[in-house]
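One letter stands for each residue in the lines below.
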Amino acid sequence: RAVQDQVTELDGVLAAGTRTSPLPTFRSLKQQETYPPFDAGSLGEPLPPPLWEQFAPDPPSGFRRRAGSARYVREEQEARAAFDGARRRHAAAEIRRREQLAERQEDYRAASAEAISQAREHNEGIDEFARDFRAGDSESVARFCTLVLDSSAYPDDFPHQTRVIYRPEPREVVVEWELPPQS
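It should be emphasised that the depicted structure is a prediction, and the values quoted were computed from it without experimental measurement. (Residues numbered from 1 in each chain as written. Predicted model: local features only at pLDDT ≥ 70, side-chain atom pairs only at ≥ 80, totals over all residues. Heavy atoms only, no water.)

(A) Inspection of the environment of serine 140 at higher detail. Position of serine 140 among the secondary structure elements: in helix α6 (residues 138–150). In the structure, serine 140 is positioned eleven residues away from phenylalanine 129 in sequence and 6.4 Å away in space, judged by C-alpha atoms. Setting aside residues up to four positions removed in sequence, serine 140 forms contacts with Phe129, Asp132 and Phe133. (Helix = DSSP H or I, 4+ residues; strand = E, 2+ residues; numbered from the N terminus. Contact = heavy atoms within 4.5 Å.)

What follows is the structure, given as structure tokens:
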């Protein structure tokens, strides 16, 4: 039964290999000349400023109002000093956030430009490969045929080492393919 299953699988190698995966095309070999959009993350949101209400002392009431406002004035001065310190720290933190955001944007611009440049360079190479293939360049035709053969699906333990040669004069592709042993 196991041998029969393996024979059946091997009998369907050609059909399975051409049906399960799309054949490569010059278009499919190209890379997208795009880059993901910039994501500022948390650096894209301004830091919330301190609010006076978070620092303001409770207004005098009841006994404190009758006892005088000197204590309230002192509490308010301390609260103002704490509020001013918080505003300075917020301003400094906001400056750091903007600097980090600018750095991240610059890194993004550089990485984006590099990725797009590499994709364009790759695609120009594919365009040249396609021109050479269409012109009948032996090496390009053999390389493309090898890509097609390598893109096929093969059973496990099935050797699929190939060597392809293109002879332009008779316009003939010769494929040397290692087959599994008879056993």
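(B) Geometry of the packing of aromatic side chains. As enumerated under the stated definition, the model contains nine aromatic pairs in all. Taking the centre distance of 5.1 Å and the plane angle of 55° together, the rings of phenylalanine 133 and phenylalanine 144 count as tilted. You can see phenylalanine 133 sitting in helix α5 (residues 70–134) and its partner phenylalanine 144 sitting in helix α6, a full eleven residues away along the chain. An aromatic cluster is built from Phe26, Phe129, Phe133 and Phe144, whose rings are joined through pairwise contacts. Over the ring of tryptophan 52 we find arginine 80, and its NZ or CZ is 3.9 Å from the ring centre. (Phe/Tyr/Trp six-rings, centres within 6.5 Å; stacked < 30°, edge-to-face > 60°. Lys NZ or Arg CZ within 6 Å of the ring centre and 35° of its normal.)

(C) Inspection of the pairing of strand β2 (residues 172–177) at higher detail. Bridge analysis of strand β1 (residues 162–167) against β2 gives six bridges, and the strand direction is antiparallel. Bridging from a neighbouring strand, tyrosine 166 pairs with valine 173 of β2. Two successive antiparallel strands, β1 and β2, enclose a turn made up of four residues, where arginine 171 displays a positive phi of approximately 50°. (Pairing = 2+ DSSP bridges.)

(D) Quick peek at the pattern of salt bridges. Applying the stated rule across the entire model yields eight salt bridges. Here arginine 120 and glutamate 33 are joined by a salt bridge, their closest N and O atoms 2.9 Å apart. Highlighted residues: arginine 120 in helix α5 and glutamate 33 in the loop between α3 (26–29) and α4 (63–67), separated in sequence by 87 residues. Across the salt bridge formed by glutamate 75 and arginine 71, the nearest N and O atoms sit 3.4 Å from each other. Placement of the pair is glutamate 75 and arginine 71 together in helix α5, with a separation of four residues, close to one helical turn. Arginine 71 sits in the partly exposed class, given a relative accessible area of 48%. One salt-bridge network, in which partners are shared between bridges, spans Glu94, Arg97 and Arg98. (Salt bridge = Lys/Arg side-chain N within 4 Å of Asp/Glu carboxyl O. Buried < 20%, exposed > 50% of the residue type's maximum accessible area, 1.4 Å probe, protein only.)

(E) Broad picture of the nonpolar core. Counting eight residues, the largest nonpolar core consists of Val141, Ala142, Cys145, Leu149, Tyr154, Phe158, Val164 and Tyr166. Mapped by element, the contributors of at least two residues to this core are α6 and β1. It is α6 that contributes the most residues to this core, four residues altogether. (Core = buried A, V, L, I, M, F, W, Y, C linked by side-chain atoms within 4.5 Å.)

(F) Region of the structure containing the environment of proline 48. Its place among the elements puts proline 48 in the loop between α3 and α4. Judged by relative accessible area, which is 67%, proline 48 ranks as exposed. Taking the C-alpha atoms as reference points, proline 48 and proline 170, separated by 122 residues in sequence, lie 76 Å from one another.

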